[in-house]
Amino acid sequence: MKPARSLVLSLVAALAATLGAVWVALPAFAAGATASFVKTADWGAGWEGKYTITNGGSSTINGWSLAFDLPSGTTLGSYWDALLTSAGQRHTFTNRSWNGTIAPGASVSFGFLASGSGSPSGCQLNGAACGGGTPPTTPPPTTPPPTTPPPTTPPPTDPPTGDLPKHLLTGYWHNFDNPAVELRLRDVPNEYDLVAVAFAEAAATPGALTFGIDPGLATALGGYTDADFTADVRTLHSRGKRVILSVGGETGRVTVNNAASATAFADTAAALIARYGFDGIDIDLENGLNPTYMAQALRALRAKVGAGLIIAMAPQTIDMQNPAGGYFKLALDIKDILTVVNTQFYNSGAMLGCDQNAAYGQGTVNFIVALACIQLEAGLRPDQVGLGLPAGPGAAGGGIVAPSVVNAALDCLARGTNCGSFRPPRTYPGIRGAMTWSVNWDVSNGSGFARTVAPHLDTLP
């Protein structure tokens, strides 16, 4: 007697032969993999799109490729969490190194910006129809006709913020002594939500980090040890604050430019986080970075520490002028795990804004808004964009503004009010907040930055 499985297979084969069918074994994922599309934002002249690939089958997907057509007149802009090749109006996105494996029941997504009013069509996932991936044929109900003002960014595009405020104030704390007042970490004013400790330094091994309380600071404070600092981190936690370790600074020489240095960065950063109780990491490398290997390092660090890891960045203004630049590319490449980019809108001179129409002078509402607009229109979510400004005299060589100017820039971006002559193409109510260099300089200047900006953040949408 044949085993039951053999009997079933024989019957199926016989039936196939009777019907003249050809029985071909399909890939394990074909029946269960689907891709769905949504426009996460639409401003008439363009839109942001997102594809989500879901493995509804019982086998792991190893590698994916999703292709679709855009109508004539609709063009792709920046994109993230995928690689792109295009032939005419046919665009093919493939997985990055970190998101090609999809376990049964899991999903991955990628996004992109497009100019024009069209939507994707002819979607194929790994050569098969996308199934659930049919794009909407009409724009979302909140999208106005092209002749009306563009809509605000929809709230659903923002991920949960965990225990961080929707709008937060970030300040840098000096682990060194200079003309600004020296502070113990526990003496950081309560208005600050996120404190970036400046700075971790390069160790002997490429990519590796080291940190300890600076001897000059300890002397200036009459004694301050690593143990005191660690206790102060716990004190700030008890107040609902978060503390992250900033890497680099103006003279920082941390270099992550290959797989070995990326591993060293992740391993040593994880050890410092565990030792001192840091909540995350801040990338403030002002002498260049390699986006490929820094992204690899940050993803490895997150895998070690967990999904709650805060990842911040503090690029110089010039670093965020073009999405193809290293810093900007890093931000887009890690958009799925990035918390906030606090660009330094100072020490910059005059620069072009997102309208590419005029060189705006630093130290003005126009400058801050027009340059923040570049990031907001080129791929970062509003909740990932913060405005970095000096805390007052002594903190920077140029670009110092009154705290009221910071508030006006936040209003212009979030509400479309208090703008200068430049107005962004739409509003961004999810704008994350503001950063200042530094807490120490702010306290030296009477804490006017924190006392003015922090309460204003609470008024934003």
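This structure is a prediction, so every number in the text was calculated from the model and none was measured.

## Here we look at the pattern of salt bridges
Tallied over the entire structure, the rule returns nine salt bridges. Of the charged contacts in the structure, one is a salt bridge between R90 and D69, with a shortest N-O distance of 2.9 Å. Placement of R90 in strand β7 (residues 90-94) and of D69 in strand β4 (residues 65-69) is noted, with a sequence separation of 21 residues between them. Note on R90: relative accessible area 23%, which makes it partly exposed.

## Here's the deal with empty space enclosed by the protein
Taken as a whole, this structure holds three cavities of 30 Å³ or more when the rule is applied. Of the pockets and cavities examined, the second largest cavity occupies roughly 40 Å³. Lining the second largest cavity are V188, P189, N190, Y192, V195, L236, R239 and K241. Its residues placed into classes, the lining of the second largest cavity shows five nonpolar, one polar and two charged.

## So, the confidence of the model for the protein chain
Predicted confidence across the protein chain gives a mean pLDDT of 85, with 84% of residues reaching 70 or more. Element-level pLDDT for the protein chain is lowest in helix α1 (residues 4-18), with a mean of 37, against a maximum mean of 98 in strand β12 (residues 168-174). Across residues 1-30, where pLDDT falls below 50, the model places seven contacts with residues more than four positions away in sequence or in other chains. Segment residues 133-148: pLDDT under 50, and 16 contacts once partners within four positions in sequence are set aside and those in other chains are kept.

## Focus: the state of the cysteines
According to the stated counting rule, one finds three disulfides in the structure shown. Disulfide pairing is shown between C123 and C130; the S-S distance is 1.9 Å. Here the disulfide of C123 and C130 is left-handed, its torsion about the S-S bond being about -70°. Classification of C130 as buried rests on a relative accessible area of 3%. Here the disulfide map of the protein chain reads 1-2, 3-4, 5-6, the bonded cysteines being numbered as they appear in the sequence.

## Thoughts on helix α7 (residues 365-377)
Here α7 spans 18 Å end to end across 13 residues, near enough to the 18 Å set by a 1.5 Å rise per residue. Looking one or two places after α7, you find G379, whose phi comes out positive at around 130°.

## Brief notes about helix α5 (residues 291-305)
A rise of 1.5 Å per residue sets the reference length of α5, with its 15 residues, at 21 Å; its end C-alpha atoms lie 21 Å apart and thus fit the reference within 8%. Taken residue by residue, α5 has P291, M294, A295, A297, L298, R299 and L301 as its buried positions. Where the residues of α5 are buried, they touch α4 (259-276), β16 (280-285), β17 (310-313) and α6 (326-333). One side-chain oxygen at the N-terminal end of α5 lies 3.0 Å from the backbone nitrogen of T292; it belongs to N290.

## Focus on unusual backbone geometry
At the junction of A198 and F199, the peptide bond is cis and its omega measures out at 10° in the coordinates. Structurally, F199 is set in strand β13 (residues 194-202). The amide bond that connects W437 to the next residue, S438, takes the cis arrangement and shows omega of 5°. Summarising the element assignment, S438 is placed in the loop between β22 (433-437) and α9 (439-444). The backbone of N126 sits at a positive phi, close to 50°, despite the residue not being glycine. Following the sequence through the fold, N126 ends up in the loop between β10 (121-125) and β11 (128-129). Positive phi outside glycine occurs at Q356, with the angle close to 50°. Structurally, Q356 is set in the loop between β19 (351-352) and β20 (359-360). When its relative accessible area of 53% is taken as the criterion, Q356 is described as exposed.

## Here we look at the nonpolar core
Formed by 93 residues in total, the largest nonpolar core has its most connected members in W173, L185, F229, F265, I281 and I283. A total of ten residues in this core trace back to one element, the largest contributor, which is α7. With 22 residues, the next largest nonpolar core counts F68, L70, F112 and C123 among its residues.

## Structural notes on the sheet that holds β4
An order of β6-β7-β4-β10-β11 is seen for the five strands of this open sheet, with the pairing classed as antiparallel. Bordering the open sheet on either side are β6 (83-87) and β11, each of which pairs with just one other strand. Pairing of β4 with β7 involves five bridges; the strand directions are antiparallel. Across the sheet, L66 pairs through a bridge with F93, a residue of β7.

Conventions and cut-offs
- Residues numbered from 1 in each chain as written.
- Predicted model: local features only at pLDDT ≥ 70, side-chain atom pairs only at ≥ 80, totals over all residues.
- Heavy atoms only, no water.
- Salt bridge = Lys/Arg side-chain N within 4 Å of Asp/Glu carboxyl O.
- Helix = DSSP H or I, 4+ residues; strand = E, 2+ residues; numbered from the N terminus.
- Buried < 20%, exposed > 50% of the residue type's maximum accessible area, 1.4 Å probe, protein only.
- 1 Å grid on protein atoms, 1.4 Å probe; cavity = no way out; pocket = protein on both sides within 12 Å on 5 of 7 lines; lining within 4 Å.
- Points joined across faces, edges and corners; volume = space filled by probe spheres on them.
- Nonpolar A, V, L, I, M, F, W, Y, C, P; charged D, E, K, R; others polar.
- pLDDT = per-residue confidence, 0-100.
- Contact = heavy atoms within 4.5 Å.
- Disulfide = S-S within 2.5 Å.
- Expected span 1.5 Å × (residues − 1).
- Polar contact = N/O pair within 3.5 Å; in protein donor to acceptor, adjacent residues only side chain to side chain.
- Core = buried A, V, L, I, M, F, W, Y, C linked by side-chain atoms within 4.5 Å.
- Pairing = 2+ DSSP bridges.

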